[in-house]
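Analysis of the macromolecular model
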Amino acid sequence: MVDWELASRKNDHLDIVLDPARALSSITTGFEQIQFQHCALPELHLNQIDLATTLLGKPLKAPVLISSMTGGPERAQTINRHLAEAAETLGLALAVGSQRIALQNGGDKGLTGQLRQLAPSIPLLANIGAAQLVAGYGVTEARRAVDMIQADALIIHLNPLQEAVQSGGDRNWQGVLAAIEHLVTHLGVPIVIKEVGAGISADVAQQLTEVGVAVIDIAGAGGTSWAAVEAERAHNDLDRQVAQAFINWGIPTAQAIAQVREQCPYTPLIASGGIRNGVDAAKAIRLGADVVGQAAAVLHSATLSPEAVLNHFEVMIRQLKVACFCTGSANLAELRKARLLRPVSLAET
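Everything numeric in this text was worked out from a predicted model, so none of it was measured. (Residues numbered from 1 in each chain as written. Predicted model: local features only at pLDDT ≥ 70, side-chain atom pairs only at ≥ 80, totals over all residues. Heavy atoms only, no water.)

Structural notes on the pattern of salt bridges
- Scanning the entire structure with this criterion turns up eight salt bridges.
- Residues K194 and D217 are paired through a salt bridge, measuring 3.5 Å at the closest nitrogen-oxygen approach. Pair noted here: K194 is in strand β7 (residues 191–195) and D217 is in strand β8 (residues 215–217), with a separation of 23 residues, a long-range link. The burial state of K194 is the same as that of D217; both residues are buried.
- The partner of R233 in a salt bridge is E230, with the nearest N and O atoms 3.0 Å apart. (Salt bridge = Lys/Arg side-chain N within 4 Å of Asp/Glu carboxyl O. Helix = DSSP H or I, 4+ residues; strand = E, 2+ residues; numbered from the N terminus. Buried < 20%, exposed > 50% of the residue type's maximum accessible area, 1.4 Å probe, protein only.)

What follows is the structure in structure tokens.
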């Protein structure tokens, strides 16, 4: 039986995120403060720039993860199908949204082995919420989530702020780290930890790395604000006021990438949270990300067709190649060493 309240909430989330004016904070990612030094003599052929990399041991044609999206069961089914077809064509990774509805109600809600059939060669990531790990979920449910879509890894998403300001949200987060460590030890597939838009700090990233988490998605502030989303869907003014105070809460994405990379130099990092185009992606990689994730920016295209998703990411990939070209970077390794402009004060001119 479908949990209609949960399904309705997921549909509300989708509607609000599709209208960016309702879901964004005024905090910025920090990418606007970063400027590459332009290379007027790249000595490269643009068409030969190599964006290939790997994630979870699988090859990617470009360093892009189509990040977790959510929605009611029927809408999520269509969205995931469009995303899977485009991801396979372009050689990108794909993460599904929360599988909580499917796990709680015993149905698949479109999250089946069909996704793997549509995308047989790419990294495919399952997804459950961290709060569920101290509310009854364990290895059994995590394995069901992975097996449901034949995933290569499991994302556990951290969303304490969203849960704290959401009416009926999960308030108990005691024991989450121990539960993550238990899954790392017993699940049998890699664990990826992601925030949902408030960022992961360097200290938390280190804690997660120390318990064996394989990949961290910092999901910083500057994109969708889930406090703003919950303020929009609040059913009373008191809940709305509480959520509104946190619309600009979080660690800006650029800052989170740099700090986590410094403290966890060998941990694979995904950078998401306000990645709007290929130039933002280039800056994220320069700061230390291995892969960039994008969700809200492609959501409208995902509701339309696989072709719309293809067009969206083809533009982003072309932008990333131009950024490489104009920094004299033949590949991602060279992009990570590209020169940045240092701000110049008037006193120095």
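Moving on from the model shown.
Considerations on the nonpolar core
- L154, I156 and I180 are the most contacted members of the largest nonpolar core, which has 91 residues in total.
- Considering every element that reaches this core, the biggest residue donor is helix α15 (residues 306–325), with eight residues. (Core = buried A, V, L, I, M, F, W, Y, C linked by side-chain atoms within 4.5 Å.)

Focus on the environment of L18
- By the element assignment, L18 lies in the loop between α1 (4–17) and α2 (20–23).
- C-alpha of L18 to C-alpha of T209: the two residues are 191 residues apart in sequence and 34 Å apart in space.

Things to note about the UniProt feature "domain: FMN-dependent dehydrogenase" (unreviewed entry) in the protein chain
- As annotated by UniProt and renumbered to match this structure, "domain: FMN-dependent dehydrogenase" (unreviewed entry) occupies residues 178–339.
- Overall, residues 178–339 shows 54% helix and 9% strand. The separation of its end C-alpha atoms is 41 Å. (UniProt positions renumbered as here; feature names shortened; annotations may be inferred.)

Brief notes about helix α6 (residues 139–149)
- Among all positions in α6, only V139, E141, A142, A145, V146, M148 and I149 are buried.
- Considering only its buried residues, α6 is in contact with α4 (100–105), α5 (113–118), β5 (124–129), β6 (153–158) and α8 (176–186).
- Phi for Q150, located one or two positions after α6, is positive at around 55°. (Contact = heavy atoms within 4.5 Å.)

A look at the environment of V176
- Counting through the fold element by element, V176 comes out in helix α8.
- Sequence separation between V176 and L118 is 58 residues, and the spatial gap between their C-alpha atoms is 33 Å.
- Every residue in contact with V176, bar those within four places of it in the chain, is listed here: A130 and V134.

Quick look at the pairing of β6
- Of all six residues making up β6, six are buried, and the element is well covered by its neighbours.
- In β6, alternate side chains face the same way, and those of A153, I155 and H157 on one face and L154, I156 and L158 on the other are all buried.
- The pairing of β5 with β6 spans five bridges and is parallel. The partner of G129 across the bridge, within β6, is H157.
- In the classification by handedness, the crossover that spans β5, the intervening α6 and the parallel β6 is right-handed.
- Taken together, the five bridges between β6 and β7 define a ladder with parallel strand orientation. Looking at the pairing, L158 lines up with E195 of β7. (Pairing = 2+ DSSP bridges. Right-handed = clockwise from strand over helix to strand, strands pointing away.)

Some details on helix α9 (residues 202–210)
- For α9, the set of buried residues is A202, A205 and L208. The arc that holds every buried residue of α9, seen down its axis, measures 120°, which confines them to one face. Projecting away from the buried face of α9 at angles above 90 degrees are the exposed residues D203 and E210.
- The positive-phi residue at the C-terminal boundary of α9 is G212, with phi of around 100°. (Arc of directions from axis to C-beta.)

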